[in-house]
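Chain by chain, the residues run as shown.
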Amino acid sequence: TATDTDDSTGKIIYESNNFPVKSSIKNELESFIGESMQVPPFFSALKYKGKPLYKHAREGRLIEKDPRDIKIYKILNIVVENAFVSFEISCSKGTYIRSIARDLGEKLGCGGHLVELIRLSQGKFELKDAKKVDEIQMSDLINIEDLSF
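Residues numbered from 1 in each chain as written. Predicted model: local features only at pLDDT ≥ 70, side-chain atom pairs only at ≥ 80, totals over all residues. Heavy atoms only, no water.

(A) Layout of the side chain of His-56. Note on placement: His-56 falls in helix α2 (residues 53–58). Judged by its relative accessible area of 6%, His-56 is buried. Within the local environment of His-56, its side chain forms a polar contact with the backbone oxygen of Tyr-48, the two atoms lying 3.1 Å apart. If we ignore the near neighbours within four places in the chain, the residues touching His-56 are Tyr-48, Lys-51, Arg-61 and Ile-63. (Helix = DSSP H or I, 4+ residues; strand = E, 2+ residues; numbered from the N terminus. Buried < 20%, exposed > 50% of the residue type's maximum accessible area, 1.4 Å probe, protein only. Polar contact = N/O pair within 3.5 Å; in protein donor to acceptor, adjacent residues only side chain to side chain. Contact = heavy atoms within 4.5 Å.)

What follows is the structure in structure tokens.
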């Protein structure tokens, strides 16, 4: 299933009963590894005339941005279960994982969209080191001047 937002919140724009075999899914997904150009989703925070694309899209104007350079360093733990594919991806800044799901569905001819995203790391910060709000101590706070990505 493909949606207009490239995720599960969007309107369905394509459905297929075709579901590729696991080996095809794995091969196509691994074909994203390396440098490539990616078209950002219509529903993104990128701006057009000072206004986020998602606002234009919600008003019925789909503004296509030029493809952007991205790099996929690695894709690990690919699991195919029923009509769902999950994986871990290490990628460059500016990569849209929703676009990876969309593009994978297009390559396979079955449609695709993102159902769930869990960011495991951002720069030097890792999810495994995160704390719940009620667990935070003053010593856990980081001065903004000390941040670097």
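Moving on, there is more to tell.
(B) Quick look at the pattern of salt bridges. Here the structure, examined in full by the defined rule, presents 9 salt bridges. Linking Lys-107 and Glu-28 is a salt bridge whose minimum nitrogen-to-oxygen distance equals 3.8 Å. Of this pair, Lys-107 sits in helix α3 (residues 97–108) while Glu-28 is found in helix α1 (residues 22–30), placing the two residues 79 residues apart along the sequence. A residue is classified by how much of its surface remains accessible, and Lys-107, at 42% relative accessible area, is partly exposed. Between Glu-126 and Lys-128 there is a salt bridge whose closest N-O contact spans 3.6 Å. The class of Lys-128 is exposed, set by a relative accessible area of 65%. Linked by salt bridges that have partners in common, Asp-6, Arg-102 and Asp-103 make up one network. (Salt bridge = Lys/Arg side-chain N within 4 Å of Asp/Glu carboxyl O.)

(C) Highlighting the nonpolar core. Grouped together as the largest cluster of nonpolar side chains are 11 residues: Ile-25, Leu-29, Phe-32, Ile-70, Ile-72, Ile-75, Val-80, Ile-100, Leu-104, Leu-108 and Cys-110. At the level of elements, α1, β6 (68–81) and α3 are the ones that each hand at least two residues to this core. A per-element tally of this core places β6 first, with 4 residues. (Core = buried A, V, L, I, M, F, W, Y, C linked by side-chain atoms within 4.5 Å.)

(D) Representation of the sheet that holds strand β3 (residues 34–38) within the structure. Strands sit in the order β3-β6-β7 across an open sheet of 3 strands; the sheet is antiparallel. In this open sheet, the two edge strands, each paired with only one partner strand, are β3 and β7 (84–91). This sheet shows a mean twist of 55° between the axes of neighbouring strands, independent of strand direction. Relative to β6, β3 is paired through 5 bridges, and the arrangement is antiparallel. Bridged to Glu-35 within β6 is Lys-71. (Pairing = 2+ DSSP bridges. Axes fitted to C-alpha atoms, helices over the stretch in contact; angles between N-to-C directions.)

(E) Structural context of the layout of surface pockets. Looking at the largest pocket, its volume works out to about 1600 Å³. Lining the largest pocket are 42 residues; nearest its centre among them are Phe-87, Ile-89, Ile-97, Leu-114 and Leu-117. Elements supplying a minimum of two residues to the lining of the largest pocket: β6, β7, α3 and β8 (121–122). Counting residues per element, the lining of the largest pocket draws most heavily on β7, which supplies 8 residues. (1 Å grid on protein atoms, 1.4 Å probe; cavity = no way out; pocket = protein on both sides within 12 Å on 5 of 7 lines; lining within 4 Å. Points joined across faces, edges and corners; volume = space filled by probe spheres on them.)

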